[in-house]
Every structure is written in structure tokens, then in C-alpha cells.
Amino acid sequence: MTLKKRFAFCLLLLCQIISAQNDSITSLKEVVVSDKNLKKYSNSQSVLKLNDSIINKNEALLTDLLNFNSTIYFKEYGRGMLSTVAFRGTTSSQTAVIWNGININSQMNGSTDFNTISSTDYNSVSVKAGGGGIIYGSGAIGGTVHLNNDLAFYNRFENNLKLDYGSFNTIGINYKTNISNEKWSAQIGFSKNSSTNDYKYLNRYTWKGEQRWNQNGQYDVITMSANVGYKFDAKNSVKLYSQTSNTDRNTSLITETETKSKYINGFNRNLLEYDGNFGKLTANFKTAYIFENYQYYADNSTNQYTYGKTESLITKADLGYTLFKSTQINGIVDYNKTKGYGSGFGNNTREISSAALLVKQDFSADWKNEFGVRKEFTDNYKSPVLFSLGSSYQFGKLYNLKLNLSRNFRIPTFNDLYWEEGGNPDLKPESSYQAEIGNVFTFSNISLTQTFYYIKINDLLRWVSGSNGIWTPQNTDKVNTYGTETLLSWKKQYGKNYFAANATYAYTVSKDIETGKQLFFVPFHKATAAISYSRNRISAYYQFLYNGFVYTQSDNDPNKIVNAYTVSNIGIDYDFKFLSSFKLGFQVLNLWNENYESLENRPMPGRNFNMYLNLKF
């Protein structure tokens, strides 16, 4: 009921705001991005942007979008279950998720469950490879994933409704409306993704010879959002972003005799932002309130559960000054106060403040440089001085060289510090040094990006078993990670025929220095590819994913691995051109009926189907 009341209030507020402004002035198609620093300070690193056309070709949950379109490796506890990442060979807590410029990684466990996020709730999803600790703080070691709600300021009233229905009674509903003019801009969205998720396990049977299937795998993810912006004049604007979500999810059984359990978690995020542009001086102020909670029921048949909650207040001031025509300076200070309380880690409060200085210098149109330094302050731990140094040079039209060197870190979470019977308040933050060289080749309709990187991680946090049998977190390991990433894109038009192709490849070595072993659940190889064709009203596409084998234990026992697998999807849709657009589509997922899993004893579904209706008006 609380969820419904919050959304109804936002809807009423936005409707009143929009109806108050009805000028008929001719407008320019101006779009205000939600995270300006992503573009401004990323010239020396690789950024992969996934827009609406790519988002709509994938299943709704963020795991599927990034799994088939990026170099990030995902470990899933079954379809729709907990989903964690390994980016450039790092752990799930070392990839930061950024919502409209704010780091939203869980304060409880330091990571993000990508199966609780619907990619269709955002205008675009971007993946930035490499360290981002200078701007985005803790956890941005392997890379950052950006969820953006950009606001447009021109006369429009647009609606987009997408309905999905697929195998295992999978239902998807996504509605977005955009209402704007030169002064006001608003977005209202609703999404629901649910499934009984009772798929059969390929070639798996009980000792009685009975077909095994995914039991207790139901999930339901509901998200509501409301975003509004107002321009006082050409120099001043204010924006409000609000999003609330609830995930009610059972946990798939490994064996039929296990007790059925479930996990309910949710969040509420609110961000108020002011932008000012006064010639050489710019100002950006943000205030955010983020609430997250979970309830874990070890037995579905009872009403007993463990729980955890955190509340975070974040304030951030970013002042920029154009020193010379070619030199820009940004000074950033922020403050974060988090209260955490739960059955596992008690009641605790943490306050963090930081100061950062960013410098961007363009010696010419071809040579661009950036530098940043950041220091955090808290009484819980000692933070290292972070820095980032990058340069980009364009050699003619064909080749662009990028260089970047950075130091990043990750702070211990509430679970790490305070978990009852195991928490360690004396932990140090993880620290890393990272260097990378990027080569971007552009020729005609082809773009190729090749990046080589090296990461040295100190004080890696791991939970280890003590002599008393209690698991505790410790700064145990030093890890060296190195590898290469390749991004390829191509597009071509022949008359009325449009062709496009995209591919990614990652080779990753992530070794414990002491043992010389590859970290478990880090594949040496991952590759994706997609090709699409469209003509007039019809379009079709094919997707391919390859994940190399992974070790499941730190000793790299070759008998304890998750085997390599390949998965393919194919889809086709037709636009009946009713209203603005009326697309009817059909998808075949896991086309070749691959028997695979990304985590041992957690089989994924075989061949399955999805049909969808996408209506724009």
C-alpha cells in the first residue's frame, strides 16, 4: 500500500506541474543529461552506451541486457534469482552502479543484484570500463554501470507501452510517458516483471527417474518512477528524480528435499538537483535520500524472517570554473550519512565526507587531458588518496589513442564491519592501482576499440572460516588482474535495407599473487555478438553469448568447474504503423536448447519463447 501511495502522490504532483505551463512557444529539442561528468571526464576511458533500440531487443531485467551486450560476466543463482558480476576480474562489490550520478551500491553488502533492476526504466544504460573512484567513490574499481533518466525540454507528449508474455508464465509490463515543453519536463514510468519460472532442467532426473524442474523459483519485480525538471531560465534549472521498487522472490531449490525460502527486498530513491551556468562558473548541487531493506524467510510456511535496513542521506556540491578557454576545473565536496539496522548487524551509523579536484585540459581539438584527486574522511577507517590521470590523442580520422592511470578503493560494508558473530571493525579498505591503454580505430562504418589493462589490488576483502568455525571478513589477498577488451560495431545501408552488427570480447586473467591461481568465478574468455536487419516495417536480429569455463574453488581444482557455454537468441518484429508505432514481435531464447548454468547446481532454462507488443502514441 505504501508503494501505491507514493506513486499516486508523484503522479498527481507531476500532472499539476505540467498543466500549469501551456505556452505555445516554438521549442528547441534540448536534452539535459542526468550525469554530465560521465561524458565530461571519460575521454581517456571506454564508455559503451546502450540506447532504447538495444534495450528493447533483450529481456527486461538488467542482467540479460548487459550479459548479451557487454564484457561483464554474470553469475546467476538461476533465472531471475540473485545475479552478481565480475568486471575486469574483480568481485561483485568492485563494480559501482550509478543512478543519475549517485552511487547506489548496497550499503549492506556493497554490491547490486542486477535481477532487481529493469533496464526499460531508463533512457539509456552505459558501461564505463576501468576505475572511477575519483568521481563515483567506493566500489568503482573494475568499472561502473550507469542508469540514466535524461530530461528533454521541448514540446512533446509521448507514451510508450510494452507488453511481454513468454514461457513459464513470464509477464512483462512497461509504461513510460514523457511530457515536456521549454520550461517543464516530466517522465512517469511503471514496470512489472514476473514469472512462475517453473522450467524443466534439461537432461536432469531424480533417482526415481522423474524429470527435475525449477521449484520455488517464482519472482515479481515492480518499479515505479517519476522524474521532473523545471528551467527557471537559460542559466538555472532544478530536477527531481524519484524511484521506488519492490522485489518479491522465492529462492530456487538445489534439491527437492530443501526447505522452501524466499527473499523480499526493496528500495526508495529520491534525488533533488540544481544546475546553474553563469558563464565561466557552473554550479551543481545534489541532495539524495536512499532507503533499502530486505526480509529473508528461511521457511515460506512461517512468518519468521531476518531483516536489514539502511537509510542514506547524500549531499554533493560541484563547482566548475573555466580558467582558460582550454582548461576547466571542478571542485567537489560531498557528505554521506548512513544508518543501518538489522537482525544481522545491529544498529550502526557511518558518516563519510570527501573532497575532490578535477581538471580537464584540451590542448587542441585532438589532444585532451584530464586529472583528478580525491580524499575521503571518516572515523571508521583510513582512506588512501585517490587519483586519476588520463590523456586522449586523435591521430587523424582513423586512430585515437587513450591512456589512463588511476588509484581506486572500496570501503568495508555494514555486513563486513558489524555482522554479529563474524564482523570485523578493524578492516582496511581495498585499494587498487590501474593502468590501461585504449586504441580506437574508425573507418567508414566500422568502429573498433581495443583496450589493454592491468590492475593491482591490495587488501582484498574475503570472508574466511576461523578456527572456531565462524566465518569472518579479513584483508587476506593481493591480486593482479590484466587482460584485453574489444568492442566492435558496424552499420551499413543498402537502399531500403539496414544492417548493423556489434561484438565484444574480453580476455581476463585475475590471479592471487600468493597462490598464482585464477580467482574463482572469473572466466578467461567471454564474447558476445549481435547482428540486425531491417527493411521498411520489418526487423530481425540474432544474438550470441559465449562464456568460458570458471573455477568454483580457490585451489583451481579442474574437477570443480562450471563448463563453458554458448547461448543464442533470435527475434523478429513488424510495425503495423498504427498511431506512432505498433510493433508485434516474437523471440526464441536459447535457440539451440543449450544445457548450461553459470553457477553449479543452478541450471538455466532450455529453449523458450517470448512475444511482445510495443505501442507508441
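Scroll up to find the structure.
Residues numbered from 1 in each chain as written. Predicted model: local features only at pLDDT ≥ 70, side-chain atom pairs only at ≥ 80, totals over all residues. Heavy atoms only, no water.

Undergrad: Sorry, what's going on with the overall build of the protein here?
TA: If you tally the helices and strands in the protein, you get six helices and 35 strands. Over its C-alpha atoms the protein spans a radius of gyration of 24 Å, differing by no more than 12% from the 25 Å that the globule rule assigns to 617 residues. A principal-axis box enclosing the C-alpha atoms of the protein has dimensions of 75 × 60 × 55 Å. Looking at the protein as a whole, 53% of its 617 residues are labelled buried. The long-range fraction of contacts in the protein, counting pairs at least 24 apart against all pairs at least 6 apart in sequence, stands at 62%. Roughly 27,600 Å² of accessible area belongs to the protein as shown, and the carbon and sulfur atoms make up 57% of that amount. One finds the centroid of the 64 positive side-chain charges in the protein at a distance of 6 Å from the centroid of its 51 negative side-chain charges. (Helix = DSSP H or I, 4+ residues; strand = E, 2+ residues; numbered from the N terminus. Rg over C-alpha atoms; globule rule 2.2 N^0.38 Å. Buried < 20%, exposed > 50% of the residue type's maximum accessible area, 1.4 Å probe, protein only. Contact = heavy atoms within 4.5 Å. Areas by Shrake-Rupley, 256 points an atom, 1.4 Å probe, with all protein chains shown as cover. Lys, Arg positive; Asp, Glu negative; His and termini not counted. Charge placed at Lys NZ, Arg CZ, Asp CG, Glu CD.)

Undergrad: I keep staring at the side chain of asparagine 336 and nothing clicks. Help me out?
TA: As for its position among the elements, asparagine 336 is in strand β20 (residues 327-342). Judged by relative accessible area, which is 17%, asparagine 336 ranks as buried. Excluding residues that lie within four positions of it along the chain, asparagine 336 makes contacts with Ser312, Leu313, Ile314, Arg350, Glu351 and Ile352.

Undergrad: Please explain the environment of leucine 147 as it appears in this structure.
TA: Tracing the sequence through the fold places leucine 147 in strand β8 (residues 143-148). What makes leucine 147 buried here is its relative accessible area of 0%. When the C-alpha positions of leucine 147 and threonine 310 are compared, they lie 21 Å apart, and in sequence the two are 163 residues distant. In this view, leucine 147 contacts Leu62, Val97, Ile98, Trp99, Asn100, Ile104, Ile117, Tyr122, Ser124 and Val125; residues no more than four positions away in its chain are not counted.

Undergrad: Is there a simple way to explain the pairing of strand β15 (residues 219-231) in this structure?
TA: Successive residues of a regular strand alternate their side chains across the two faces of the sheet. Counting buried residues along β15, 10 of its 13 residues qualify, which places the element largely inside the surrounding structure. Note that strand β12 (residues 184-195) and β15 share 12 bridges and pair antiparallel. Its bridge partner being in β15, tryptophan 184 is matched across the sheet by tyrosine 230. Two strands pair when backbone bridges link them, and β15 and strand β16 (residues 236-251) are joined in this way by 13 bridges, in the antiparallel orientation. Its bridge partner being in β16, asparagine 227 is matched across the sheet by tyrosine 241. The antiparallel pairing of β15 with β16 creates a hairpin that spans four residues between the two strands. (Pairing = 2+ DSSP bridges.)

Undergrad: Which parts of the structure should I look at to understand unusual backbone geometry?
TA: In this structure, aspartate 459 is a non-glycine residue whose phi angle is positive, near 60°. Tracing the sequence through the fold places aspartate 459 in strand β26 (residues 446-465). According to the relative accessible area criterion, aspartate 459 is partly exposed, its value standing at 22%. Positive phi is not limited to glycine here, since asparagine 536 has a value of about 55°. In this fold, asparagine 536 is placed in the loop between β29 (525-535) and β30 (538-547).

Undergrad: Can you help me understand the nonpolar core in this one?
TA: Most often, soluble globular proteins keep nonpolar side chains buried together rather than apart. Counting 29 residues, the largest nonpolar core has Leu62, Leu66, Ile72, Phe114, Val125 and Leu147 as its most contacted members. Grouped together as the second largest cluster of nonpolar side chains are 16 residues, Leu38, Ile134, Ile352 and Tyr381 included. (Core = buried A, V, L, I, M, F, W, Y, C linked by side-chain atoms within 4.5 Å.)

Undergrad: Help me out: how do you make sense of the packing of aromatic side chains in this one?
TA: Scanning the entire structure with this criterion turns up 28 aromatic pairs. Aromatic pair phenylalanine 586 and phenylalanine 609: ring centres 6.0 Å apart, planes at 20°, arrangement stacked. Remark: phenylalanine 609 occurs in strand β35 (residues 608-616) and phenylalanine 586 occurs in strand β34 (residues 581-589); sequence separation between them is 23 residues. Counting every residue linked through ring pairs, the aromatic cluster contains Phe363, Trp367, Tyr393, Phe395, Tyr399 and Phe441. For the cation-ring pair, lysine 231 lies above phenylalanine 153, with the distance from its terminal atom to the ring centre recorded as 5.6 Å. Above the ring of phenylalanine 267, the side-chain terminus of arginine 269 is found at 3.6 Å from the ring centroid. (Phe/Tyr/Trp six-rings, centres within 6.5 Å; stacked < 30°, edge-to-face > 60°. Lys NZ or Arg CZ within 6 Å of the ring centre and 35° of its normal.)

Undergrad: Which parts of the structure should I look at to understand the side chain of aspartate 512?
TA: Mapped onto the elements, aspartate 512 comes out in strand β28 (residues 497-512). Look at aspartate 512 and you get buried, because its relative accessible area is 6%. Polar side-chain contacts of aspartate 512 include one of 2.9 Å to the backbone nitrogen of glutamate 514. In this structure the side chain of aspartate 512 is engaged in a polar contact, spanning 3.3 Å, whose partner is the backbone nitrogen of threonine 515. When neighbours within four sequence positions are excluded, aspartate 512 is seen to be in contact with Arg462, Asp477, Lys478, Val479, Lys517 and Leu519. (Polar contact = N/O pair within 3.5 Å; in protein donor to acceptor, adjacent residues only side chain to side chain.)

Undergrad: I'm lost on the environment of tyrosine 541 in this one. Help?
TA: Its place among the elements puts tyrosine 541 in strand β30. On the accessibility criterion, tyrosine 541 (7% relative accessible area) is buried. For the pair formed by tyrosine 541 and lysine 57, sequence separation is 484 residues and the distance between their alpha carbons is 8.2 Å. Apart from residues lying up to four places away in sequence, tyrosine 541 is in contact with Lys57, Ile531, Ser532, Asn569, Ile570, Gly571 and Gln587.

Undergrad: Would you explain helix α4 (residues 62-69) in this entry?
TA: One turn of an α-helix holds 3.6 residues; hence residues three or four places apart share an orientation. Of all eight residues in α4, eight are buried; the element is thus mostly enclosed. For α4, the set of buried residues is Leu62, Thr63, Asp64, Leu65, Leu66, Asn67, Phe68 and Asn69.

Undergrad: In this structure, what is going on with the sheet that holds strand β5 (residues 95-99)? I would like to understand it.
TA: Hydrogen bonds between backbone groups are what pair the strands of a sheet, and the pairing can be parallel or antiparallel. One open sheet accounts for five strands, arranged β2-β7-β8-β5-β6; its pairing is mixed. Each having just a single partner strand, β2 (47-50) and β6 (102-103) make up the two edges of the open sheet. Inspection of the sheet shows β2 paired to strand β7 (residues 124-129) by four bridges, in the antiparallel sense. In the strand pairing of β7, leucine 50 is matched with valine 125.

Undergrad: I'm lost on the pattern of salt bridges in this one. Help?
TA: Where charged atoms from two side chains of opposite charge approach closely, those side chains can pair. One pass over the full model with this rule turns up 16 salt bridges. With its nearest N and O atoms 2.8 Å apart, the salt bridge here joins glutamate 430 to arginine 410. Taken together, the residues glutamate 430 in strand β25 (residues 430-443) and arginine 410 in strand β24 (residues 399-410) connect sequence positions 20 residues apart. Using a relative accessible area of 5% as the deciding quantity, one classes arginine 410 as buried. For lysine 577, the salt bridge identified is with aspartate 575, shortest N-O distance 3.8 Å. Of the residues examined, lysine 577 reaches a relative accessible area of 46% and is grouped as partly exposed. Note on aspartate 575: relative accessible area 6%, which makes it buried. Via salt bridges that share partners, Lys36, Lys239 and Asp275 belong to a single interconnected network. (Salt bridge = Lys/Arg side-chain N within 4 Å of Asp/Glu carboxyl O.)

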